[in-house]
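Reading the structure
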Amino acid sequence: MDYVMTVNSLYKSYGNFKALCGLDMRVPKGAIYGLIGKNGAGKTTLIRIICGLQNPTLGCYTLYGIGSHSSKIVKARRRMGAVVETPSIYLDMSAEENLKEQYRVLGMPSFEGINELLTLVGLENTGKKKAKNFSLGMRQRLGIAIALCGSPDFLVLDEPVNGLDPQGIVEIRELILRLNREKNITVLISSHILSELSKLATHYGFIDGGRMVKELSAEELDAACRKCMRIEVTNAPALARVLDGMGIEYKILSDTEADVFAKLNITSLTNALSAEGCELVSVQERDESLESYYINLVGGN
Ligand code: ATP
């Protein structure tokens, strides 16, 4: 698999306090990677390091296969756009003026593409309105447009929906999906709310105490959070025959236990099992929701 970014045993200390403690991470090309962790888990520290705003204490990372110790990392970083903490925008300027200013900072030869960028983030009709009169969501979208100047193919967003109203959250979500699907931009988004990222992430990294607790794909997370019934019987092979006959998906766990991924009519199951000489001992509903999966992994509130 191709990785846009890898992080290898990264440490960051502030005095005696370790904000990152040997963090490992891999962001596949084309992914929307949700970096999830409680407040203080180390998300912003990691993002500041990969953006070159801070140096790690120990360890390294790669961007497009270029190691952080290489002199070429600066060039690799130009393929990346980021909004870290609050978007860096000039409040006394309009959206268009902000983008022109960023084009100047990047030394771009013309203002070509600015109108397209404004349309992409839904700010094409803001005219001369100054950014200080924008809603929080509009400012966040302007911040993303600024990060997109120079056409990066990797976008890093630190808590992009923090403080936004539900409408603002939907707009940012749709924008991220569009950038990923239509512009093939790999996106790394940090958040402390898993349910928010679960509507768009293709991959997840759960970070806690400066360490990567678990990395998995959206499919793996779905499978881990699937509702199921844990069924105990006297004879699991007989149960398997019955469930096969009913066309129901299951997973045998032992000689007497299985997880069944469907709602069952207990009377029909008992009758069918009885015809196989097998008894139903117990049925337990299991529901590992996203939030409880998260709490099991990283603990706490
Ligand atoms: P949040 O969602 O609250 O932003 P986070 O996961 O982004 O949390 P970080 O901002 O990376 O967490 O902070 C990780 C830990 O490092 C926190 O305990 C924080 O207090 C500490 N920390 C961050 N920056 C500094 C600093 N400059 N000096 C001392 N400690 C710091």
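Residues numbered from 1 in each chain as written. Predicted model: local features only at pLDDT ≥ 70, side-chain atom pairs only at ≥ 80, totals over all residues. Heavy atoms only, no water.

1. A look at the overall build of the protein chain
Here is the rule we go by: Strands here are runs of E lasting at least two residues and helices are runs of H or I lasting at least four, both read from the DSSP assignment and numbered beginning at the N terminus. Our radius of gyration looks at C-alpha atoms and nothing else; its globule reference is 2.2 Å times the residue count to the power 0.38. Partly exposed describes any residue whose relative accessible area lies between the buried limit of under 20% and the exposed limit of over 50%, with all areas from a 1.4 Å probe on protein chains only and scaled to the type maximum. Every residue pair with non-hydrogen atoms within 4.5 Å of one another is taken to be in contact.
When helices and strands are tallied, the protein chain shows 11 helices and 14 strands. For 301 residues, the compact-globule formula gives about 19 Å, and the C-alpha radius of gyration of the protein chain, at 24 Å, lies well above that figure. Counting every position in the protein chain, which comprises 301 residues, the buried fraction comes to 45%. Across the protein chain, contacts joining residues at least 24 apart in sequence account for 67% of those joining residues at least 6 apart.

2. What about the side chain of Thr186?
Of note, Thr186 is situated in strand β8 (residues 186-191). For Thr186, a relative accessible area of 1% translates into the label buried. For Thr186, the residues in contact, after removing those within four places along its chain, are Val4, Val27, Pro28, Lys29, Gly30, Ala31, Asp153, Phe154, Leu155 and Asn180.

3. Describing the site of the ligand
For the record, the criterion: One heavy atom within 4 Å of a molecule or strand makes the whole residue count as near it. As used in this structure description, the phrase polar contact means that two N or O atoms lie within 3.5 Å; if the pair is within protein, one of them must be able to donate a hydrogen and the other to accept it, and residues adjacent in sequence are counted only when both atoms belong to side chains. For the accessible areas, the method is Shrake-Rupley and the probe is 1.4 Å, while residue cover comes only from the protein chains on display. Polar here means any residue outside two lists: the nonpolar Ala, Val, Leu, Ile, Met, Phe, Trp, Tyr, Cys and Pro, and the charged Asp, Glu, Lys and Arg; Gly therefore counts as polar.
Contacts to the ligand come from Tyr14, Phe17, Ala19, Lys38, Asn39, Gly40, Ala41, Gly42, Lys43, Thr44, Thr45 and Glu159. One of the backbone N or O atoms of Ala41 is found 3.0 Å from an oxygen atom in the ligand. Side-chain polar atom of Thr45 to an oxygen atom of the ligand: 2.5 Å apart, as the coordinates give it. When isolated, the ligand has an accessible area of 630 Å², and the protein chains bury 59% of it. The set of elements that each furnish at least two residues to the shell around the ligand consists of β2 (17-28) and α1 (43-50). Broken down by element, the shell around the ligand gets its largest block of residues, 3 residues, from α1. Classifying every residue of the shell around the ligand by side-chain character gives 4 nonpolar, 5 polar and 3 charged.

4. As for the nonpolar core
Quick note on the threshold: Side-chain atoms within 4.5 Å are what join buried Ala, Val, Leu, Ile, Met, Phe, Trp, Tyr and Cys residues into a set we call a nonpolar core. For each domain, the first and last residues come from an automatic or database assignment.
With 49 residues, the main nonpolar core has Leu99, Leu142, Ile144, Tyr204 and Phe206 as its most contacted residues. A domain split of this core shows at least three residues from each of domain 1 (3-222) and domain 2 (226-298). Not counting residues within four places of it along the chain, the set of residues in contact with Leu142 comprises Ile89, Ala95, Asn98, Leu99, Leu123, Ala131 and Phe134. Counting residues in hydrophobic clusters, the runner-up holds 28 residues, among them Ile50, Phe154, Val156 and Met212.

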